Amino acid sequence: MLTKEEIEFLDSQGYLSLGKLLTDDQVKAINQRIEELMFNEGQAAGAELVESKYIRHPKEEGADRLADLVNKGDVFDVFYTHPRVLAGISAVLGPSFKLSSLNYRAAKPGLGHQNLHVDWGNKMVEGVYKVCNSIWLLDEFTENNGATRIVPGTHKLGVSPQERMKDPSLPHPDEVIIQAPAGSVFIFNSHAWHGGTTNRTTKPRRSIHSYFCTSEQPQQIDQRKYITEQTKKRIGTEAQKILDV
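Overview of the structure.

Criteria and cut-off values
Each chain has its residues counted from 1, running along the sequence as written. The predicted nature of this model means local features are confined to residues of pLDDT at least 70 and side-chain atom pairs, given and counted, to a pLDDT of 80 or more, with totals for whole chains, interfaces and linings taken over all residues. Only hydrogens and water are removed before side-chain values are computed, so all heavy atoms of the structure are retained for them. Put simply, two rings from Phe, Tyr or Trp (the six-membered ring, in Trp's case) pair if the centres are within 6.5 Å, and we call them stacked under 30 degrees between planes, edge-to-face over 60, tilted for the rest. Three labels apply to residues, based on accessible area from a 1.4 Å probe with only protein chains included: buried if under 20% of the type maximum, exposed if over 50%, partly exposed otherwise in between. The salt bridge definition used is simple: a Lys or Arg side-chain nitrogen within 4 Å of an Asp or Glu carboxyl oxygen. For helices the rule is a DSSP run of H or I covering at least 4 residues; for strands it is a run of E covering at least 2, with both sets numbered from the N terminus onward. Strands pair, by our definition, only if DSSP identifies at least two bridges between them. Fitting a line to C-alpha atoms yields each axis, with helices limited to the stretch in contact; the angle taken between N-to-C directions then spans 0 to 180 degrees. Any two residues whose heavy atoms approach within 4.5 Å are treated as being in contact. Distance and chemistry together define a polar contact, namely a pair of N or O atoms within 3.5 Å, with one atom able to donate a hydrogen and the other to accept it when in protein, and with adjacent residues in sequence counting only for side-chain atoms on both sides. In this scheme, a helix's expected span is set at 1.5 Å multiplied by one less than its residue total. Working definition for bend: take the seven residues up to and ending at a residue and the seven starting at it, fit an axis to each, and measure the angle between the axes. A pocket here means an open set of points on a 1 Å grid, computed over the protein atoms alone, that has protein on both sides within 12 Å along at least five of seven lines. A cavity is instead a set of points where a 1.4 Å probe fits but cannot get out; residues with an atom within 4 Å of a point line either one. Grid points are joined across faces, edges and corners, and a volume is the space filled by probe spheres set on the points. Each residue gets one label: Ala, Val, Leu, Ile, Met, Phe, Trp, Tyr, Cys and Pro are nonpolar, Asp, Glu, Lys and Arg are charged, and the others, such as Gly, are polar.

1. Comments concerning the packing of aromatic side chains
- Under the criterion given, the structure shown has four aromatic pairs.
- Between Phe9 and Tyr15, the ring centres sit 5.4 Å apart and the planes meet at 80 degrees, which makes this aromatic pair edge-to-face.
- Residue Phe9 is classed as partly exposed on the basis of its relative accessible area of 34%.
- On the basis of an interplanar angle of 80 degrees and a centroid distance of 5.8 Å, the ring pair of Phe97 and Phe212 is categorised as edge-to-face.

2. Side note on the pattern of salt bridges
- Under the criterion given, the structure shown has 17 salt bridges.
- Between Glu6 and Arg84 there is a salt bridge whose closest N-O contact spans 2.9 Å. Taken as a pair, Glu6 in helix H1 (residues 4–13) and Arg84 in helix H4 (residues 83–93) lie far apart in primary sequence, 78 residues in all.
- Judged by relative accessible area, which is 16%, Glu6 ranks as buried.

3. Things to note about the sheet that holds strand E4 (residues 131–137)
- In spatial order, the strands read E1-E7-E4-E9-E3-E2; together these six strands make up an open sheet with antiparallel pairing. The open sheet has two free edges, formed respectively by strand E1 (15–20) and strand E2 (63–66), since each of these has just one partner strand. For this sheet, the mean angle separating the axes of adjacent strands, direction not counted, is 20 degrees.
- Examined bridge by bridge, E4 and strand E7 (residues 184–189) share five bridges and lie antiparallel to one another. When the bridges of E7 are listed, Cys132 appears paired with Asn189.
- Across the sheet, H1 touches E1 and E7, and the angle it forms with E1 is around 135 degrees.

4. A few points about the side chain of Thr231
- Inspection of the secondary structure puts Thr231 in helix H7 (residues 229–243).
- A relative accessible area of 1% places Thr231 in the buried class.
- Engagement of the side chain of Thr231 in a polar contact is seen with the side chain of Thr228, the distance being 2.9 Å.
- Non-local contacts of Thr231, meaning those with residues more than four positions away in its chain, are made with Val70 and Asn71.

5. Focus: the environment of His117
- Positionally, His117 belongs in the loop between strand E3 (97–107) and E4.
- Along the chain, His117 and Lys4 lie 113 residues apart, while their C-alpha atoms are 28 Å from each other.
- Other than its neighbours up to four places away in sequence, His117 contacts Pro161, Ala192, Trp193, His194 and Gly195.
- In terms of polar contacts, His117 uses its side chain to reach the backbone carbonyl oxygen of Asn115, at 2.9 Å.

6. As for the side chain of Thr197
- For Thr197, the position within the fold is in the loop between strand E8 (194–196) and strand E9 (205–214).
- Look at Thr197 and you get buried, because its relative accessible area is 10%.
- A polar side-chain atom of Thr197 sits 2.6 Å from the main-chain carbonyl oxygen of Ala147.
- The residues contacting Thr197, other than those within four sequence positions of it, are Leu111, Gly112, His113, Gly146, Ala147, Arg149 and Ile177.

7. What about the sheet that holds strand E5 (residues 148–150)?
- In spatial order, the strands read E6-E5-E8; together these three strands make up an open sheet with antiparallel pairing. Edge positions in the sheet fall to strand E6 (176–177) and E8, since each has one partner strand and no second.

8. Considerations on H7
- In a regular helix each residue adds 1.5 Å, so 15 residues correspond to 21 Å; H7 covers only 13 Å between its end C-alpha atoms and thus falls short of that length.
- Along H7, the largest kink reaches about 115 degrees and is centred on Gly236.
- Every buried residue belonging to H7 is among Thr231, Ile235, Ala239, Gln240, Ile242 and Leu243, and all of these are buried.
- Trailing H7 by a residue or two, Asp244 shows a phi angle of about 60 degrees, which is positive.

9. Notes on the layout of surface pockets
- Taken as a whole, the largest pocket encloses approximately 1,200 Å³ of empty space.
- Surrounding the largest pocket, 47 residues form its lining, Arg56, His117, Val118, Asp119 and Gln220 being those nearest its centre.
- Those elements that provide at least two residues to the lining of the largest pocket are E3, E4, helix H5 (161–164), E8 and E9.
- A class-by-class count of the residues in the lining of the largest pocket yields 14 nonpolar, 24 polar and nine charged.

Purely geometric stuff here, so don't read any function into it on its own.
As structure tokens, then:
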């Protein structure tokens, strides 16, 4: 499902645009479901992140969060089953991988900035990667609304931004700001330096992250702990394999 050129770009740059994989109607339905969940869960929104010992920053003052979307509606099934996304994950991690977490993040107006960081704390050998993310745009990403920034090629360095930069909160001269319409999807090697930027608009900047890891790694959200029988029946055996349930 990926061309040779796409795989080569992902390998060399550490990220790849997959184009618009969601229709406008899908984006609308997903955002409606997100609104329902945010209202229903209230202050408990994202509680599953806090319960996990594998998420370093479960709460952000500058962002709204939701977690365990696998069990919160069939509109979210596409986020970990789309063939182009799975092809991109496989290109980074190899054939043996699983979903680690499926979470929502919305940068609040005036907030949302993150230091450049990597999602794997241990040193890695070039070409052997343990984690890979996909970011699904539920709003148009622009320079001004808190879009994700990525520093191309840094996945091959084997060091964190904290080891190379005096201040990882500052812009990097080589960083790329993701800019694309709602419904677009980007794959990025989570060993690459990346982070959210400040949302300088009056509306939240919404996205969903389907985050994957190699099969031997612990999941950020223990899918076996949370999976419901209703979800298992709905998604089928192939999706169950991706969830490792």
